[in-house]
Amino acid sequence: MALANSVNNFFLHLPIFFDDTKNVSAFVERIDFCLLKTNTKRLALCDALNISHTAITDWNRRGTVPAGDIMLRVADYLGVSPWWLVFGEEKPDALSLSQASEPPISREDKKLLSEWHALTAEEKASIQILLDGYTDRHRQEAKKA
């Protein structure tokens, strides 16, 4: 927990360390990359974080980065580590908050996972049976076609 707090504190003070316009462009490109991979619009990200719809464009145009707390929320929404989002690589000691090599989880997938975890074991078993039956039938139909 102390490590997570120190990483978060670093990002809360990031604008002090992160003032290169080229790096800001790369930062915005990584945001756009993650959004593209999940077929998500900038508008959806801005709405989810309750920030201006022009915020990302403004960061790029001004050569500035968001405040550290927003930076952490952007990384969390995109399902990547803040370190990767800012620097384009994982923290060398592998103590980053998540794996950048893993694709980001979309908001819809997060919602489904949340709903899945709220189910009882019996409900999960019933749904798994339905899902298995559906996928088996779908595979058989695909073989016929």
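Not measured: the values here are computed from a predicted model.

## Overview of the packing of helix H4 (residues 42-49) against helix H6 (residues 68-78)
Across the interface, H4 lies against H6 with an axial gap of 10 Å and an inter-helix angle of 125°. One way to sum up the angle between H4 and H6 is to call them oblique. The handedness of the crossing between H4 and H6 comes out as right-handed. Residue-level inspection shows Ala-44, Leu-45, Ala-48 and Leu-49 of H4 in contact with H6, the latter providing Arg-73, Val-74 and Tyr-77. Here the contact of H4 with H6 is built from residues that sort into six nonpolar, no polar and one charged.

## Describing the side chain of Ser-81
Residue placement: Ser-81 occurs in the loop between H6 and helix H7 (82-87). At 3.0 Å, the side chain of Ser-81 and the backbone nitrogen of Trp-84 are in polar contact.

Cut-offs applied
- Residues numbered from 1 in each chain as written.
- Predicted model: local features only at pLDDT ≥ 70, side-chain atom pairs only at ≥ 80, totals over all residues.
- Heavy atoms only, no water.
- Axes fitted to C-alpha atoms, helices over the stretch in contact; angles between N-to-C directions.
- Helix = DSSP H or I, 4+ residues; strand = E, 2+ residues; numbered from the N terminus.
- Parallel < 35°, antiparallel > 145°, perpendicular 65-115°, else oblique.
- Left-handed = near helix turned anticlockwise from the far one by under 90°.
- Contact = heavy atoms within 4.5 Å.
- Nonpolar A, V, L, I, M, F, W, Y, C, P; charged D, E, K, R; others polar.
- Polar contact = N/O pair within 3.5 Å; in protein donor to acceptor, adjacent residues only side chain to side chain.

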